[in-house]
Amino acid sequence: MTDLFEKSIQTLELPRVLELLAAQAVTEEGKERARALRPETDPEEVAHRLKETSAAVDRMVLQGSPSFSGVKPVAGSLHRADMGGSLNTRELLDIAAVLAAARSAKSYGEGEEKTEGKKSVIDYLFHALTPNRFLEEKITGSIVGDGELADAASPELASIRRHMRATESRVRDILQKLISSSQ
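These numbers come from a predicted model, not from an experiment. (Residues numbered from 1 in each chain as written. Predicted model: local features only at pLDDT ≥ 70, side-chain atom pairs only at ≥ 80, totals over all residues. Heavy atoms only, no water.)

Draft legend 1. Structural detail: the side chain of S77. Considering the arrangement of structural elements, one finds S77 in helix α5 (residues 75-82). We classify S77 as buried; its relative accessible area is 10%. In this structure S77 touches L87, E91 and I95, once residues within four positions along its chain are discounted. (Helix = DSSP H or I, 4+ residues; strand = E, 2+ residues; numbered from the N terminus. Buried < 20%, exposed > 50% of the residue type's maximum accessible area, 1.4 Å probe, protein only. Contact = heavy atoms within 4.5 Å.)

Here it is in structure tokens:
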């Protein structure tokens, strides 16, 4: 960009506007992307982005805003899992939250189509989402709390915990007999 272009950006207070936009983003990555936006100079691209913005505003007026609360960056966790690493329960719950947000956003995007049958220039954004309800429910059903897995997380874990409870019960019975005996 030229010096005149950069000076114009400062004069028009674009950084201040971008900070206001960034404040509306839910995730840190979204905030950074908002701050990194730069004006478009191609007239066709400007017209396309204006159409997208108008379509998004129209949808928000009709349907309200979609919720992205609870979404955290999971790219690092996914990369590590892809390389064969294991994830902790917090990372798995973060992934489940992203899957839930994707499912919710896809449903939100399909909401207007179902009611009015109209196509929108931003439909491709919602169609690009691939929710996985099975994985989302498997994760949330397998993790009881932060750091604790449910017995139903796997058949092996359920078997181990069943044996542990049976052993604890036998130990308690033996201790109770020792305490209550007269010797």
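That was the structure; now back to the text.
Draft legend 2. Here's a closer look at the nonpolar core. Residues V74, L87, L93, I95, A96, L99, I139 and I143 constitute the largest nonpolar core, which totals eight residues. Looking at this core element by element, the count peaks at four residues for helix α6 (residues 89-116). Apart from the residues lying within four places of it in its own chain, the contact partners of V74 are D94, I95 and V98. (Core = buried A, V, L, I, M, F, W, Y, C linked by side-chain atoms within 4.5 Å.)

Draft legend 3. Structural detail: the packing of aromatic side chains. For the structure shown, the criterion picks out one aromatic pair. With 5.9 Å between their ring centres and 55° between their planes, Y108 and F126 make a pair best called tilted. Linking Y108 in helix α6 with F126 in helix α7 (residues 123-127), this pair joins segments that are 18 residues apart in sequence. The exposure classification of Y108 matches that of F126, with both residues buried. (Phe/Tyr/Trp six-rings, centres within 6.5 Å; stacked < 30°, edge-to-face > 60°.)

Draft legend 4. Fine view of the side chain of S142. With respect to the helices and strands, S142 occurs in helix α8 (residues 133-142). If we ignore the near neighbours within four places in the chain, the residues touching S142 are E148, L149, A150 and A153.

Draft legend 5. Layout of the layout of surface pockets. In this structure, the largest pocket encloses a volume near 2,100 Å³. Around the largest pocket, the lining is made up of 43 residues, and of these L21, A25, G30, F68 and L125 lie nearest the centre. Of all the elements in the fold, those that place two or more residues in the lining of the largest pocket are α2 (14-24), α3 (28-35), α4 (43-63), α6 and α7. By residue number, the principal contributor to the lining of the largest pocket is α4, which donates nine residues. (1 Å grid on protein atoms, 1.4 Å probe; cavity = no way out; pocket = protein on both sides within 12 Å on 5 of 7 lines; lining within 4 Å. Points joined across faces, edges and corners; volume = space filled by probe spheres on them.)

Draft legend 6. Quick look at the packing of α2 against α3. Here α2 crosses α3 at 160°, and the two axes come no closer than 8 Å. Here α2 is positioned roughly antiparallel relative to α3, judged by the angle of their axes. Crossing geometry of α2 relative to α3 is assigned as right-handed. Contact residues: α2 offers L18, E19, L21, A22 and A23, while α3 offers K31, A34 and R35. In terms of residue class, the contact of α2 with α3 is built from five nonpolar, no polar and three charged. (Axes fitted to C-alpha atoms, helices over the stretch in contact; angles between N-to-C directions. Parallel < 35°, antiparallel > 145°, perpendicular 65-115°, else oblique. Left-handed = near helix turned anticlockwise from the far one by under 90°. Nonpolar A, V, L, I, M, F, W, Y, C, P; charged D, E, K, R; others polar.)

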